[in-house]
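Structural description and commentary
Chain by chain, the residues run as shown.
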Amino acid sequence: MTEPPASLTAPHHLAYTYKRSLGPVLGAFFNGLRERRILGVRRANGGVLVPPKEYDPESGESIDEMVEVSDEGTVASWAWVNAPRAHQPLDRPFAYALILLDGAETPLLHIIDAPNESDIKTGMRVRARWADETSGSILDIACFEADDGSKPQPKPAAKADGGDPIEILRIPVELDYTYSAGQSASRLLRGLAEGRLIGQRCPVDGKVYFPSRGSCAKHAVPLSGDPVELTDRGTLVTFSINRVPSENIKLELPYAAIQVVLDGADTTFFHVLGECNIEDVRMGMRVQAVWKPREEWDQSVGNILYFKPLDEADADFDSYKEHI
Amino acid sequence: MAERCGVVGIGQTNYEASRVDLSMAGILREAAQRALDDAELTWKDIDAVVIGKAPDMFEGVMMPELFLADAVGGAYKPMLRVHTAGSVGGSTGIVGASLVQSGVHDRVLAVAFEKQSESNAMWALTVSMPFSVAVVAGAGGFFAPLIRGYMRRSGAPEDTGIRVALKDRLNALKNPYAHVKMEDVSFELISDSPMLWDPVRYLETCPSSDGACAMIFANEKLASKAPTRPAWVHATEMRSEPTAFSGRDQVMPQATLDNAAALYKKAGITNPRQELDCAEIYVPFSWFEPMWLEGMRITDINEGWKMTYEGATALDGDFPINMSGGVLSSNPIGASGLIRFAESALQVRGQAGDHQVDGAKKALGHAYGGGSQYFSTWIVGSEKP
Amino acid sequence: MRDVAVVGFTQSKVSRREFDRNETEILMPVIQELKKEMNLENTDIDFICSGSSDYLAGQSFAFVAGLDAVGAWPPVSESHVEMDGAWALYEAWVKMQMGYADISLVYGFGKPSMGDLPHTMALQLDPYAVMPLWPDAVSMAALQARLCLDGNVFDERAMADVAVRDRSHAKNNPFAQVSGDFEADALLAEPYLVSPLRKHDCSPISDGASAIILVAGDRVGEFCDRPAWIRGFEHIVEPQDLGARDLTQSRSTAIAGEKAGVGKDKVDVAEIYAPFSHQSILVERALGVGPETTLNPSGGALAGNPIMATGLSRIGEAAAQVWNGTADRAVAHATSGPCLQQNLVCVLEGN
């Protein structure tokens, strides 16, 4: 028996810029940063929490008395990052650090820009280096740096009129994955790259799955049976006409999103119907795949551009009703 | 064997498209503080916290309950995070109640939330993955074909969904927390609203809301001393089945039917239509009212639309559904199920204000999620079980 | 409280990258093997609970793939926590306490190899003032380790000794990913990864799954000659903000351990979920386990860390020590969140 070929992989980039509404306490903190001031909040015990929260972390009671603290402080702990990862604040070695700002009870997590690891010591004095442009972000503090006793660079002047209060932060979140389809599903995808539609049979009840992720969810078994070659014809079992734009979908609106069962298969999948007036889409229509030009085929159900109506009588409801 | 458990505090935020005035902690705290106030309790009185919400990608925080634990008084207490897709709000209530019913804790705070304005639900629900084609646009894109299947099977009149939406939107006018309130709503307004996912119209669709809902559960001893009459938990039940397999009935999944049967058995109910006074059912698209009336065995298969059509499910009908305006009127997804549970409890406590069903003694709370595959339900009563 | 016992445990071979299998395919044989070993069908199981995280795969509803591995037909009574499977086991235990279930299946699974896990974990942090700095999980742990080193709570050699011990123990664990004989001196001669942490201080990145069967009351005898009875069970969360807590101890572990009754009697074995070597020391001290306790006979998380299953596996490994008679009393620990933010303690006894 030959070793089955390895699983197919593809990059998966997950990216979204979140809109984070702040409320009064966080709002004060980020508006303060824009003005190059660091605000904490006073706890019931008198200590000042930086960054602030709208509640006491131990008791849960609401707190809201904002207190300005210094932009200078002492390093409580640090971690030297020799090889920064993507998106981290600096692309050269730096330290994450817990910095106890003068006037604060709790340390702030931020970064220290220093030439070498040996330049950082626990207990050393540091001061904020403010970004040239501030916008209301934790990165308005570009970093902390050693306070060698020299006169600090004058702060870049904060805008006299800072603009409207910041209510929302825009925070990009980007993650990169290498998605692997799994060996069993890869067989199906490789078939698609050759224009073949390969169904897989459940060893328990013999039902033919197309497409599949490699297993039968009803019986919790791998679809281990011999592959079943399917035609690209089938029956439209149900549908909707989509008129809603979506960030994930590149189709022109409106379009018919259809559930299709291929002839010889026992499961449905979603695809699109083309070459058909929206008003004429019906349950039970017989349909056939329209493929991309062969040179554009890859390992994806997307090789089928859409399904089109066949010039055949509609299937009887009883013949496909078990698939809805 | 289970301890009796009562709902002694209920809190809801005002639901809006964007609660720009609140952080994530703030939205949880608005609901939780209102629940504490209702129960006349403080954070100290809570033994454990259960947090529920739908997928983490909505807010872009991985397991956000970790950074939010202390915002709901959870510091140095047990904290659980539940996630069972759209049914999660219901499941959160069930887990909260179970912590009391088991005798493990005396008083538990359950809070569920979604801050949907942080991202876009259609994006987060149907993130494009490699090797596939993106065709399904959000939950509506997934459920509309199933609704079409129900229409075909049941032969329900085409305006059934419009009637559901009209009823729920009128009910929402009586609910101070509801997100979508349309003073001028009418049959024509709904029927003329654009088709989004044909056969689902815009005004037959749930909104995307920010909001949170909180409930405090107490054991029999403590609940009996509560300042407001508690809602007693009579039974809870959950059922799940896979999203897709050959021959799966997507319109009327076995899981809902099994869930309903098990729930009624535990609650000692033989005729739900007679014995329940009202229900809050998870209806994100109008047609799911008749579908889940059948799925909850309140009426026969393919007959649910008749209850809607005859007005039985109206606030003054014989079996009111979604007195609060339902998911169609407020939909912070992760909280929507717990809101159903909370609204059912408000009814049997006699606290539902303008949308109170007179003399409601037993009510059903219901949530579902995934591809119509996860079901969480409970029955609460004004009397001890 | 009702008597509930851990009677069955299976796991996948933990590996750096499950290249050819998706999550369902990793989990399915684990569950199948467990059901077969226990001679159980789904219809015998009253409640199922699982733990997983969407961000490991970068896709919403990761747990749906888990359900596909169960064969949930006819439909099952089932719930899910977006937490390590150890907390799923806690939820199942609660359901058994209330009499809802006599037999429960619990599983956890994770396939973090598809992403950059330390980077992904930054998404667990305060999304306003911390996450935008993208502190990776190793850097966060390193901040904690330095506080301990500066405070003379322990030294780097003690941390290396944890790695030596766990990797050595892992030689007897056929499911482990990292194992072997190492010298502390040699490990300490290695460069820092993120100072003060070296590679040996960090758990590996691992794909894997595990599953457990719990049985309550009279029926336990049908499954196991020497069941591992759950005699104490508690979990506690701390505020996340690193500034708001003393990172040189694990207060939440200490509270959970106390409430679970760890100190009531001698502890023969402790299985600790410490993703970093120094955290193992903090947890050992918080639990109050001493020289009479064998720590991490499986090798612990430093030998393999299939996140979302690792904590559940600690309970399984501790139970296995009771089943085979090595331990009369074993403690399992699980953690979640940055710098030991949330901790669970489960006490298992043979009698």
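Use the structure listed above.
Numbering of residues begins from 1 in every chain and follows the order in which that chain's sequence is written. Whichever chain is written first is A, and whichever ligand is written first is 1; the rest continue in order. Totals for whole chains, interfaces and linings use every residue, but because this is a predicted model, local features are given only for residues with pLDDT of at least 70 and side-chain atom pairs only at 80 or more, for both listing and counting.

Quick look at the interface of chain C and chain B now. C-beta atoms are placed from the backbone for every residue, and two residues are taken to be in contact when these atoms lie within 7 Å. In this assembly, 48 residues from chain C lie in contact with 47 residues from chain B. Where the side of chain C that touches chain B is concerned, the elements lending two or more residues are helix H2 (54-57), helix H3 (62-68), strand E3 (78-81), helix H4 (85-97), strand E8 (228-237) and helix H9 (251-260) of chain C. Among the elements that line the side of chain C that touches chain B, the one with the most residues is H4 of chain C, at 5 residues. Here the nonpolar group is Ala, Val, Leu, Ile, Met, Phe, Trp, Tyr, Cys and Pro; Asp, Glu, Lys and Arg are the charged ones; every other residue, Gly included, is treated as polar. Tallied by class, the residues present in the side of chain C that touches chain B amount to 22 nonpolar, 17 polar and 9 charged. In this description a helix means any DSSP run of H or I spanning at least four residues, a strand means any run of E spanning at least two, and both kinds are numbered starting from the N terminus.

Once that is clear, we can look at the nonpolar core. Generally speaking, soluble globular proteins have nonpolar side chains that are buried together. By convention the nonpolar core is taken to be a set of buried residues drawn from Ala, Val, Leu, Ile, Met, Phe, Trp, Tyr and Cys and joined through C-beta atoms within 7 Å. Using C-beta atoms placed from the backbone, we call a residue buried if 20 or more other C-beta atoms fall within 10 Å of its own, exposed if 12 or fewer do, and partly exposed for counts in between. Counting residues in hydrophobic clusters, the biggest one holds 372 residues, and the most contacted among them are Ala 95 of chain A together with Leu 28 and Val 111 of chain B. Apart from residues lying up to four places away in sequence, Ala 95 of chain A is in contact with Trp 78, Ala 79, Trp 80, Val 81, Ile 111, Ile 112, Ala 114 and Ile 120 of chain A. In this structure, Leu 8, Ala 181, Ala 185 and Leu 188 of chain A belong to the second largest nonpolar core, which totals 7 residues.

What follows deals with the sheet that holds strand E15 (residues 228-230) of chain A. Residues and elements named next belong to chain A. When DSSP finds two or more bridges between a pair of strands, those strands are recorded as paired. Taken in spatial order, the 3 strands make up an open sheet running E12-E11-E15, and their pairing is antiparallel. At either end of the open sheet lies a strand with only one pairing partner, and these are strand E12 (208-209) and E15. Pairing geometry for strand E11 (residues 197-201) and E12, over 2 bridges, is antiparallel. Bridge assignment links Arg 201 to a residue of E12, and that residue is Val 208.

Another point: the sheet that holds strand E4 (residues 66-69) of chain A. Residues and elements named next belong to chain A. The sheet built from 3 strands is open, its strands ordered E3-E2-E4 with antiparallel pairing. The open sheet has two free edges, formed respectively by strand E3 (48-49) and E4, since each of these has just one partner strand. The pairing of strand E2 (residues 38-42) with E4 spans 4 bridges and is classified as antiparallel. Residue pairing in the sheet places Gly 40 in a bridge with Val 67 of E4.

Turning to unusual backbone geometry, a few remarks are in order. In this structure, Pro 51 of chain A follows Val 50 of chain A across a cis peptide bond, with omega equal to -5°. With respect to the element layout, Pro 51 of chain A can be found in the loop between E3 and E4. A cis amide bond links Trp 73 of chain C with the next residue in sequence, Pro 74 of chain C, at an omega value of 0°. Mapped onto the elements of the fold, Pro 74 of chain C is located in the loop between H3 and E3. A positive phi is found at Asn 322 of chain B, a non-glycine position, where the angle reads about 55°. Note on placement: Asn 322 of chain B falls in the loop between helix H12 (304-309) and helix H13 (326-329). In this model, Leu 340 of chain C sits at a positive phi of 60°, which is unusual for a non-glycine residue. Here Leu 340 of chain C is to be found in the loop between strand E11 (329-336) and strand E12 (342-349). Residue class for Leu 340 of chain C comes out buried when judged on the 28 C-beta atoms lying within 10 Å of it.

The next point concerns the interface of chain B and chain A. Across the boundary between the two partners, chain B contributes 54 residues, which contact 55 residues of chain A. Those elements that place two or more of their residues in the side of chain B that touches chain A are helix H1 (24-39), helix H4 (121-125), helix H5 (138-154) and strand E5 (195-198) of chain B. Of all the elements, H5 of chain B adds the most residues to the side of chain B that touches chain A, at 8 residues. Residues belonging to the side of chain B that touches chain A are distributed by class as follows: 28 nonpolar, 18 polar and 8 charged.

Any two packed helices are characterised by how steeply their axes cross, that is the angle between the axes, and by the distance between the axes. Residue and element names in this part refer to chain C. The convention used is that axes are lines fitted to C-alpha atoms, helices contributing only their stretch in contact, and that angles between N-to-C directions extend from 0 to 180 degrees. At a minimum axis distance of 8 Å, the contact between helix H7 (residues 156-169) and helix H10 (residues 277-287) shows a crossing angle of 95°. Judged on the interaxial angle alone, H10 and H7 are roughly perpendicular. Contacts between H7 and H10 involve Ala 158, Met 159, Val 162 and Ala 163 on the former and, on the latter, Ser 277, His 278, Ser 280 and Ile 281. Within the contact of H7 with H10, the residues separate by chemical class into 5 nonpolar, 3 polar and no charged. Throughout this description, any angle smaller than 35 degrees is read as roughly parallel, any larger than 145 degrees as roughly antiparallel, any in the 65 to 115 degree range as roughly perpendicular, and the remainder as oblique.

With that settled, the discussion passes to the environment of Ser 77 of chain A. Structurally, the position occupied by Ser 77 of chain A is in strand E5 (residues 72-81). Linking Ser 77 of chain A and Leu 98 of chain A, residues 21 residues apart in sequence, is a C-alpha distance of 5.1 Å. Here Ser 77 of chain A is in contact with Ala 97, Leu 98 and Thr 122 of chain A together with Leu 143, Arg 146 and Leu 147 of chain C, once residues within four sequence places are set aside.

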